[in-house]
Amino acid sequence: MKKTASSGPGFPDMTSAPHLFEQIINASGVAMAVRLPDLCPILTNQAFLDYYGYGKNEIGILPPEAVLPDTTLALYETDILPTLQSGKSWDGEFAIRTKLGEHLTVWGRFDPVFDGSGQLSHIVSVMHDAVNSEDLNACNASLKFISDATSDIFFRLRLPDGKFDYLSSSVERFFGYTLKEHKLEPLLFKRIVHPDWREYFDEMWEELNNGIIRPDYELQYVHKSGDVRWVNQRLVLHRDAMGTPVAVEGIATDITARKIAEQALRANEEKFRFLTENITDVIWTLDLDLNFTYTTPSVKEVWGYDSEEVTKIHLFDFIVPESIPIFEDAVKKRAQVESEGNFDFVNRMELEHFRGDGSRFWMETVVKRIFDRDGKPCGYQGLSRDITKSKQAQAELAKRETRYRTLFEDSPISLWEEDLSDLKQYFEELKAQGITDFREYFYNHPESLNTCASLIKVVDVNKATLDLLAARSKEQLFGNLDKILTESSMAAFTEEIIMLASGGYEYCGEITNRTLNGETIWVMVHFFVPDEYKKCLSRVIVSLLDVTPRKRAEQALMDSEERYRVLAENSQEGVAVTQHGLTKYINESMSSILGYTTDELKQIHPIELAHPEDKAMALGQMGTYVTGKRKDAFASFRVITKNKEIKWLTLNVKPISWGGKDAQIEILTDVTRHKKLEAELLAAHAQMEDRINKRTAELSKANAQLKAEADERSKAQERITSLTKQLILVQEDERQRISRDLHDNVAQDLSSIMLKMETLFDDVDNVDPRLEERGESMAQVLRKAIASVRDIAYGLRPPALDQLGLVKALDNLCQDSGSKYGFSVDFFSIGIETVTLDFDTEINIYRMVQEAVRNIGKHAEANKITVRLVKSHPDILIRIEDNGKGFIPKERMTEADAEKRMGMRSMEERARLIGGTMEIQSRIGTGTRILFKVPIENARRHD
């Protein structure tokens, strides 16, 4: 014999609620009995009696050995009873003896019930055919899952002593206190009532003890964690034979979310009222003759008239003559759009107006059509905002931009203005991927350099740039940028990108470019980001200085030592040759630039004369040369000459051959004049930016206020969206609760009544046929009532959605709707089984399809519909089609709004709440197609 033992659940005292257990046992289709510890049954149901073949009166007086074989009695004494006395349940197979003397093997379960002193007082037994044990285990597991998973509390409470006969395990999630704590402390539920509600609770408790009960109760409790919870309780009062209240049975539901949503709604209403009364913009309405019918109080500050005065003035009297054509064009545009059936069109225009004192000011206005209750156009609604300061700032900005462009265009230095904001975003994406060493990254991923090049926007170049690169026009240059790049250009470009990605903002180097005539030139490139653009890189200044003559001289120097010496002595750049750390040659230009004699310079390196602020930078630029990683180097820095004069220099180091051995040539170029020109240009640019900032300060302040108001509106809209979602969730929870109440309470009670009706005459002989007929008639009525209640419960909360999943639930919905409305349904689903959907997404998709199918059945006059549920990355697509009479979507939506029918709006809102969209395609006579798109990422359940 196979057996298992497990911890048994708690049961109420059998003497305190006998009618409750009797109802449970009689309503069950499984053979059940309540026995004493000696196995004598005191409560049985018909299924139990059927196994033994005895009547209820017979089974109660027979000794255990009459109905149980010796093997079973021995098993009970040695195994089952000790297990029950230890507080555990026992289940397994054993034999019974029927009335005919047959031995029958069954599967059974025994659960212990203890009295107040901890002694075993009763045994609850369940049995069925041994072959069905797995089914019963599954059934018991499902029942336990439902009890554990429900969020509501089910309880039976004795009024005299405040002790629970039964309390579901969900009480711990509800209040934070365990079942054991509630058992050890009677009236714990009274202690945790919120202080503000204790008087209400005492009044409720007194009423219950006096036999008075209300439909429901709402009050606050304090969770063990200190949180405050709102609770709704529905109670049933039980009385004894004398009519005295003895107990209440009920269900408690957490309604905290609903209460919070209601409070948020009230708060939002107050905020909306405050915004309307205090907004600085003017919100207004016009009739069809363009006369004002309403304005917000802010009209006084903006136009100089109060709300009553404005209603007596025609709109055209406020608009200056030069702006009236703009308004008339907007009216024509609206007429054209509305003739195509689009009445949602919004005009946006900038018009100059008159104030009450005769002064002029600019306003930005948005206008939309409004309709009366019959759906006919009755006027216009709009919002006007004062943009006078913005207009003035735009004019000033244009003037300053003109001055800046003049400096830019007339500069003798080649200047480029570039926008690297997209490149900045690309760097941020790389950093988010964990990349920190950009030099290593770009050398290992050269394709990323092409991506960087594609993200650079050349905004403008000046005339000197066109002359330098032999371009006839900017268009010709921009169309041939790839032709001016050489290998050294790309090497310098790589260093620029590494510098920017690593957080640098300035680069200087020498590269070769190719003019559009095909000539190769040497240029010194200086890349600089102004301070105000370092965060976004939306404006970068690049300058090019032609150093081709010097580079040609350097190239000639490398050809022969003698030619080096001749060219060096006649060069304006300082030249020095070093070999193995010793200075072999210094020209006079080097001495002239630095102010030291050639003998002194043999003991001093130009880096040692670097300005204190630039020395670290210069050493960094020369780092790869000093460490031997590269044979050439380039640095740009300031030096302090012997005469205490500060000069900007560039130091270029190249490898050469001197006396047949390796050496280095150091070329020092004075670029002070170039730097001064560059500084003047940057100063002019900074001055222009400073003036623009000062001129637009007032505008920024006004815009900040407007932005704050816009943010508040945006936040309010987000709160409304969140509130709508919460309200729908609360609605679904209420539907689920009502469905559960109907199914678990009303339907079960009706089932019990029906069972009693069907067995009313079982023990009565010679029943009058008329009574039997009436009894059957009443049973038939009860069957219909039970079916109706279950249909209502399933409509409120389809059980298939929880039990079988979304796909099967939709399939059942389609087939049931087809049977109800008389059309054929083609339902098909693919790919959804691989996606674990969030519960909110499942119920919203189900409701959307349910509403669509219901509308087809009621209005479409269709005989065939098609429903498709498809996973199509990155969306879930739900398509519902019918071959009905069709309609015009915009007209139907307008009619539905006017008639306050929310079917299609409800579908649209549910789709939006789960991040999706709804599209309706329909024409008269061609049927209708509804397409929902729900992003998989939004729909997926995130554990």
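The structure this text deals with has already been given above.
Note that the structure is predicted; figures quoted are calculated from it, not measured.

The rules behind each value
- Each chain has its residues counted from 1, following the order in which its sequence is written.
- For a predicted model such as this one, the threshold for reporting local features is a pLDDT of at least 70, and the threshold for listing and counting side-chain atom pairs is 80 or more; totals across whole chains, interfaces and linings nevertheless cover every residue.
- Only hydrogens and water are removed before side-chain values are computed, so all heavy atoms of the structure are retained for them.
- By the criteria applied, helices consist of DSSP H or I runs no shorter than four residues and strands consist of E runs no shorter than two, each listed in order from the N terminus.
- In this description, contact between two residues means that some pair of their heavy atoms is separated by no more than 4.5 Å.
- Salt bridges are counted wherever a side-chain nitrogen of Lys or Arg sits within 4 Å of a carboxyl oxygen of Asp or Glu.
- Exposure categories follow from relative accessible area, calculated using a 1.4 Å probe and restricted to protein chains: below 20% of the type maximum is buried, above 50% is exposed, and the middle band is partly exposed.
- Axes, fitted as lines to C-alpha atoms, cover a helix only where it is in contact. Angles between the N-to-C directions of the axes lie from 0 to 180 degrees.
- Polar contact is the term for a pair of N or O atoms within 3.5 Å; when the atoms are in protein, one must be able to donate a hydrogen and the other to accept it, and sequence-neighboring residues count only if both atoms are side-chain atoms.
- A pair of strands is treated as paired once DSSP finds two or more bridges between them.
- We call a set of buried Ala, Val, Leu, Ile, Met, Phe, Trp, Tyr and Cys residues a nonpolar core when their side-chain atoms join them within 4.5 Å.
- Geometry of aromatic contacts follows a simple scheme: Phe, Tyr and Trp rings, the Trp one being its six-membered ring, pair when their centres are within 6.5 Å, and the pair is stacked under 30 degrees between planes, edge-to-face over 60, tilted otherwise.
- In these notes the angle categories are as follows: under 35 degrees is roughly parallel, over 145 is roughly antiparallel, 65 to 115 is roughly perpendicular, and the rest is oblique.
- As a working rule, the residues Ala, Val, Leu, Ile, Met, Phe, Trp, Tyr, Cys and Pro are called nonpolar, Asp, Glu, Lys and Arg charged, and the rest polar, with Gly in that last group.

Asks: Explain the environment of Thr465 residue by residue, including any values.
Replies: The topology assignment puts Thr465 in helix H19 (residues 463-468). The spatial distance from the C-alpha of Thr465 to the C-alpha of Trp416 is 7.7 Å, given a sequence separation of 49 residues. Contacts of Thr465, omitting those with residues within four sequence positions, involve Ser414, Leu415, Trp416 and Leu477.

Asks: Lay out the pattern of salt bridges with the relevant residues and their values.
Replies: This structure, assessed with the given rule, holds 39 salt bridges. The closest approach of N and O atoms between Glu207 and Arg214, which form a salt bridge, is 2.9 Å. Residue classification places Arg214 among the partly exposed positions, given a relative accessible area of 26%. Between Glu861 and Lys885 there is a salt bridge; the shortest N-O distance is 3.7 Å. Within this pair, whereas Glu861 is found in the loop between helix H33 (839-860) and strand S28 (864-872), its partner Lys885 is found in the loop between strand S29 (875-882) and helix H34 (889-898), the two being separated by 24 residues in sequence.

Asks: Before we move on, could you go through the packing of helix H16 (residues 421-432) against helix H18 (residues 446-454) and cite the residues and values that matter?
Replies: One can describe the packing of H16 onto H18 by two numbers: an axis separation of 8 Å at closest approach and a directional angle of 145°. Counting all contacts with H16, which are made through Leu423, Tyr426 and Phe427, the residues of H18 involved are Ser448, Thr451 and Cys452.

Asks: I'd like to hear about the side chain of Asn652, residue by residue, with values.
Replies: Of note, Asn652 is situated in strand S25 (residues 646-658). In this structure Asn652 comes out as buried when scored by relative accessible area, which is 4%. There is a polar contact of 2.8 Å between the side chain of Asn652 and the side chain of Glu510.

Asks: Now, about the sheet that holds strand S17 (residues 414-419): what can you tell me, with residues and values included?
Replies: Overall, antiparallel pairing links the five strands, which are arranged S18-S17-S21-S20-S19 in an open sheet. Looking at strand neighbours, the two that pair on one side only are strand S18 (457-461) and strand S19 (506-514), the edges of this open sheet. Averaged over all adjacent pairs, the angle separating strand axes in this sheet is 30°, with direction ignored. Two strands pair when backbone bridges link them, and S17 and strand S21 (residues 540-546) are joined in this way by five bridges, in the antiparallel orientation. Note on S21: the bridge partner recorded for Leu415 is Ser543. Of the strands in this sheet, S19 and strand S20 (520-528) touch helix H21 (residues 487-501), which is tilted by about 160° from S19. Against the sheet, helix H28 (residues 672-695) engages S17, S19, S20 and S21, with an angle of about 45° to S20.

Asks: Would you mind going over the sheet that holds strand S7 (residues 153-158) in detail, with residue names and values included?
Replies: Strand pairing in a sheet takes place through backbone hydrogen bonds and is either antiparallel or parallel in direction. Here five strands make up an open sheet; going across it, the order is S8-S7-S11-S10-S9 and the pairing antiparallel. With one partner strand each, in any of the chains shown, strand S8 (164-167) and strand S9 (217-222) form the two edges of the open sheet. With strand direction ignored, the average angle separating the axes of adjacent strands in the sheet is 25°. In this structure, S7 lies alongside strand S11 (residues 245-254), joined through six bridges in antiparallel fashion. Bridging from a neighbouring strand, Phe155 pairs with Gly250 of S11.

Asks: Outline the nonpolar core, supporting the account with residue identities and numerical values.
Replies: Leu810, Val849, Ile876, Ile878 and Phe932 are the most contacted members of the largest nonpolar core, which has 40 residues in total. No other element matches the nine residues that H33 contributes to this core. Not counting chain neighbours up to four residues away, the residues in contact with Phe932 comprise Met848, Ile876, Leu877, Ile878, Ile880, Met907, Ala911, Thr917 and Met918.

Asks: If you had to explain the packing of aromatic side chains to someone new, which residues and values would you point to?
Replies: Ring pairs (aromatic) are described by centroid distance and by the angle formed between their planes. Summed over the entire model, instances satisfying the criterion amount to 23 aromatic pairs. Both rings, one in Phe94 and one in Phe110, keep their centres 5.6 Å apart while their planes meet at 45°; by these two values the pair is tilted. Of this pair, Phe94 sits in strand S4 (residues 88-97) while Phe110 sits in strand S5 (residues 103-114); the two residues are 16 residues apart in sequence, bridging distant segments of the chain. The class for Phe94 is buried, based on a relative accessible area of 5%. The class for Phe110 is buried, based on a relative accessible area of 5%. Clustering of aromatic rings is evident, with ring pairs tying together Phe155, Phe164, Phe189, Phe201 and Trp205.

Asks: Lay out unusual backbone geometry in plain terms, naming residues and giving numbers.
Replies: In this structure, the amide linkage connecting His873 to the following residue, Pro874, adopts the cis form with an omega of 10°. Residues other than glycine seldom take positive phi values, yet Leu39 does so here, at roughly 75°. Among the structural elements, Leu39 can be located in the loop between strand S2 (31-35) and strand S3 (41-44). Residue Leu39 is classed as buried on the basis of its relative accessible area of 6%. With a phi angle near 65°, Leu187 is a residue other than glycine that sits in the positive phi range. Judged by its relative accessible area of 34%, Leu187 is partly exposed.

Asks: Before we move on, could you go through the side chain of Asn232 and cite the residues and values that matter?
Replies: By the element assignment, Asn232 lies in strand S10 (residues 228-239). Of the polar contacts made by the side chain of Asn232, one reaches the side chain of Asp216; its length is 3.2 Å. A polar contact of 2.8 Å, which involves the side chain of Asn232, links it to the side chain of Arg234. In this structure Asn232 touches Asp216, Tyr217, Glu218, Ile251, Ala252, Thr253 and Ile255, once residues within four positions along its chain are discounted.

Asks: Explain the packing of H34 against helix H35 (residues 903-913) residue by residue, including any values.
Replies: H35 packs onto H34 with a crossing angle of 105° between their chain directions and a minimal axis gap of 8 Å. Taken together, the axis directions place H34 and H35 in an arrangement best described as roughly perpendicular. Here Arg892, Met893 and Asp897 of H34 lie close against H35, whose contacting residues are Met904, Arg905 and Glu908. Taken together, the residues of the contact of H34 with H35 sort by class into two nonpolar, no polar and four charged.

Note that every value here comes from positions in space, so none of it alone points to a role or purpose.
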